[in-house]
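# Survey of secondary and tertiary structure
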Amino acid sequence: MKPAIKVLLIERMKILIKNAISNVRSNPELAERQAMLAKRLCTKYRIRMPYELRMNYCKKCKKFIVPGFTARIRMGRSTIKSIRVTCSFCNHTYRKIIKKQIPIGQ
């Protein structure tokens, strides 16, 4: 695939996900449709969805989730700092590990 087309498709996916997040409270069906179109773009043209867009989908049921509306976000209470995301559709919980940043110059 040509790089220009790939950049255009990723840009279009970003626009669709951004619109879906803004529409989820007023019109959840439209938001789900926009998110499904973004996912269909990446599967049809066989390109990888960027991580910041991919984290808006449940890892189990593959539905579009929005933190605070269709998903619950909590901080982990163990020694390993993590964020726990619980999907409200399938109640699947998955974790995102928060890595410690190394100061620059050391």
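- The protein chain has the name Ribonuclease P protein component 4 in an unreviewed UniProt entry, where Candidatus Nitrosotalea okcheonensis is given as its organism.
- Of the comments in the UniProt record for the protein chain, the one headed Subunit (unreviewed entry) reads "Consists of a catalytic RNA component and at least 4-5 protein subunits."
- What the UniProt record of the protein chain gives under Subcellular location (unreviewed entry) is the line "Cytoplasm".

### What to know about the nonpolar core
- Ranked by size, the top nonpolar core spans 18 residues in total, and within it M13, I17, A38, I47, M49, Y57 and F64 carry the most contacts.
- Of all the elements in the fold, those that place two or more residues in this core are α1 (3-23) and α2 (28-44).
- Counting residues per element, this core draws most heavily on α1, at six residues.
- Aside from chain neighbours lying at most four places away, what touches M49 is M13, A38, K39, C42, R54 and Y57.

### Thoughts on the sheet that holds strand β1 (residues 71-75)
- As summarised here, the arrangement of the three strands in space is β1-β2-β3, forming an open sheet in which the pairing is antiparallel. Edge strands, defined here as strands with exactly one partner in the open sheet, are β1 and β3 (93-97). Strand-to-strand twist of the sheet, defined as the mean angle between neighbouring strand axes without regard to direction, takes the value 25°.
- Pairing geometry for strand β2 (residues 82-87) and β3, over five bridges, is antiparallel. Pairing of T86 across the sheet is with T93, part of β3.

### Quick look at the UniProt feature "binding site: Zn(2+)" (unreviewed entry) in the protein chain
- In this structure's numbering, the residues bearing the UniProt feature "binding site: Zn(2+)" (unreviewed entry) are C58, C61, C87 and C90. These annotated residues cover 33 residues of sequence, and their C-alpha atoms all fall within 8.8 Å of one another, placing them together at a single site.
- As for its position among the elements, C58 is in the loop between α3 (51-54) and β1.
- Those residues in contact with C58 that sit more than four places away from it in its chain are K63, I65, C87, C90, H92 and Y94.
- Note that C90 resides in the loop between β2 and β3.

### Digging into the state of the cysteines
- Throughout the structure, instances matching the rule amount to zero disulfides.
- Lacking any disulfide linkage, C58 is separated from the closest cysteine sulfur, that of C90, by 3.6 Å.
- Between C87, a cysteine without a disulfide, and C90, which holds the nearest cysteine sulfur, the sulfur-to-sulfur distance is 3.8 Å.

The rules behind these values
Counting starts from 1 at the beginning of each chain's written sequence and moves along it residue by residue. Thresholds applied to this predicted model are a pLDDT of at least 70 for local features of residues and 80 or more for the giving and counting of side-chain atom pairs; totals over whole chains, interfaces and linings are not thresholded and use all residues. Working from all heavy atoms in the structure, the side-chain values ignore hydrogens and water. UniProt positions are given in the numbering used here, feature names are shortened, and annotations may be inferred rather than shown by experiment. We call a set of buried Ala, Val, Leu, Ile, Met, Phe, Trp, Tyr and Cys residues a nonpolar core when their side-chain atoms join them within 4.5 Å. Buried residues are those whose accessible area, probed at 1.4 Å on protein chains only, stays under 20% of the maximum for their type, while exposed residues exceed 50% and partly exposed ones sit between those limits. To qualify as a helix, a DSSP run of H or I must reach at least 4 residues; to qualify as a strand, a run of E must reach at least 2; elements of each kind are numbered from the N terminus. Only heavy atoms enter the contact rule, under which two residues are in contact if any of them lie within 4.5 Å. Strand pairing is defined by DSSP finding a minimum of two bridges between the two strands. Only the contacting stretch of a helix is used when fitting its axis, a line to C-alpha atoms as for every element, and angles between N-to-C directions run 0 to 180 degrees. Disulfide: a pair of cysteine sulfur atoms within 2.5 Å of each other.

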